[in-house]
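Listed below are the residues making up each chain.
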Amino acid sequence: MNYPYLPNKYEFVILGSRFIGLVIPFDDEKELPSLLARVREDYPKATHYPYAARLLPFERCSDEGEPARSTGLPLLEILRGREVDHVLLVVIRYFGGTKLGLGRLTRTYRDVGLEAIEEASWCDFVTGYEARLSLSYSDFSVFEKDAARREVEITDTSFEEEVTLTVKGDEEKAKPLVTRYQNQIKIIEEKLITVKRRRQ
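No experiment lies behind these values; they were computed from the predicted model shown. (Residues numbered from 1 in each chain as written. Predicted model: local features only at pLDDT ≥ 70, side-chain atom pairs only at ≥ 80, totals over all residues. Heavy atoms only, no water.)

Examining the overall build of the protein chain
Part 1 of the reasoning: Each helix and strand in the protein chain was counted, giving five helices and 10 strands.
Part 2 of the reasoning: Relative to a compact globule of 200 residues, whose C-alpha radius of gyration would be 16 Å, the protein chain shows 22 Å and is clearly more extended.
Part 3 of the reasoning: Principal axes of the C-alpha set define a box for the protein chain whose edges measure 70 × 30 × 30 Å.
Part 4 of the reasoning: Considering the protein chain as a whole, with its 200 residues, one finds that 46% of them fall into the buried category.
Part 5 of the reasoning: Taking the intrachain contacts of the protein chain between residues at least 6 apart in sequence as the baseline, contacts between residues at least 24 apart amount to 72%.
Part 6 of the reasoning: Of the roughly 11000 Å² of accessible surface on the protein chain, 46% is carried by carbon and sulfur atoms.
Part 7 of the reasoning: Separation of charge centres in the protein chain, based on 30 positive and 34 negative side chains, amounts to 6 Å. (Helix = DSSP H or I, 4+ residues; strand = E, 2+ residues; numbered from the N terminus. Rg over C-alpha atoms; globule rule 2.2 N^0.38 Å. Buried < 20%, exposed > 50% of the residue type's maximum accessible area, 1.4 Å probe, protein only. Contact = heavy atoms within 4.5 Å. Areas by Shrake-Rupley, 256 points an atom, 1.4 Å probe, with all protein chains shown as cover. Lys, Arg positive; Asp, Glu negative; His and termini not counted. Charge placed at Lys NZ, Arg CZ, Asp CG, Glu CD.)

This is the structure:
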């Protein structure tokens, strides 16, 4: 199975109409309405917003005002054929005044969607590590730089008597980081999680 790592965009113009293919990773089907709303906000003057979404076993597609079964289903077939999951694929159209005809319209949506998928970056879901910990102010800056170098995320940082923070990332990167500073930090909580690892 293929999972998109980062959003991707591909643009194409034909007979004055502008098509924009968007690949948007997502991990919860409840996110779908807000993701679609954000696309409409980002491209408010577009004519149509057909899409296909796949988060197995959940699948959904829509022609968004284009002729029935001309756009949404072909986009979903791309995701099925390429075995792409955890993805929203939207192809936005700005109508340029010249009708393409049903056959060319469907081909153009499909081609733009396919190019957006083909150019995307991919990842795998792997075991990750998350820990809530605290450390002194004097150790924090060195720890923070080391985390950035190892591509380990630091979130929820609070500065009180000590610095308290959460580290999260690929287990092969995040756990050795915490182990390296075990004499300078206090682990409040730790657990294994699932994270994305970008394919090389």
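So much for the structure itself; the text now carries on.
A few points about the pattern of salt bridges
Part 1 of the reasoning: Overall, the coordinates contain 18 salt bridges when judged by the stated rule.
Part 2 of the reasoning: Among the salt bridges present, the one from Glu59 reaches Arg80, with a minimum N-O distance of 2.7 Å. Here Arg80 lies in helix 2 (residues 72–81) and Glu59 lies in strand 5 (residues 58–62), a separation of 21 residues in the sequence.
Part 3 of the reasoning: What makes Glu59 partly exposed here is its relative accessible area of 28%.
Part 4 of the reasoning: Residue classification places Arg80 among the partly exposed residues on the basis of a relative accessible area of 33%.
Part 5 of the reasoning: Here Lys191 ties to Glu130 by a salt bridge, and the two come within 3.8 Å at their closest N and O atoms. (Salt bridge = Lys/Arg side-chain N within 4 Å of Asp/Glu carboxyl O.)

Overview of helix 4 (residues 137–149)
Part 1 of the reasoning: Along its 13 residues, helix 4 runs 19 Å from first to last C-alpha, staying within 8% of the 18 Å computed at 1.5 Å per residue.
Part 2 of the reasoning: Those residues of helix 4 hidden inside the fold are in contact with strand 7 (122–135), strand 8 (153–159), strand 9 (163–170) and helix 5 (171–180).
Part 3 of the reasoning: After helix 4 finishes, the residue Glu151 shows a positive phi value of roughly 60°. (Expected span 1.5 Å × (residues − 1).)

Re the pairing of strand 9
Part 1 of the reasoning: Along strand 9, seven of the eight residues are buried, which leaves the element largely enclosed by surrounding structure.
Part 2 of the reasoning: Strand direction decides the pairing type here: strand 7 and strand 9, joined by eight bridges, are antiparallel. Across the sheet, residue Ala131 finds its bridge partner in strand 9, namely Val167.
Part 3 of the reasoning: Hairpin connection from strand 8 to strand 9: three residues lie between these consecutive antiparallel strands. (Pairing = 2+ DSSP bridges.)

Focus: the side chain of Thr106
Part 1 of the reasoning: As for its placement among the helices and strands, Thr106 is situated in helix 3 (residues 102–118).
Part 2 of the reasoning: Taking the relative accessible area as the measure of exposure, Thr106 reaches 15% and is therefore buried.
Part 3 of the reasoning: In this structure Thr106 touches Ser70 and Pro74, once residues within four positions along its chain are discounted.

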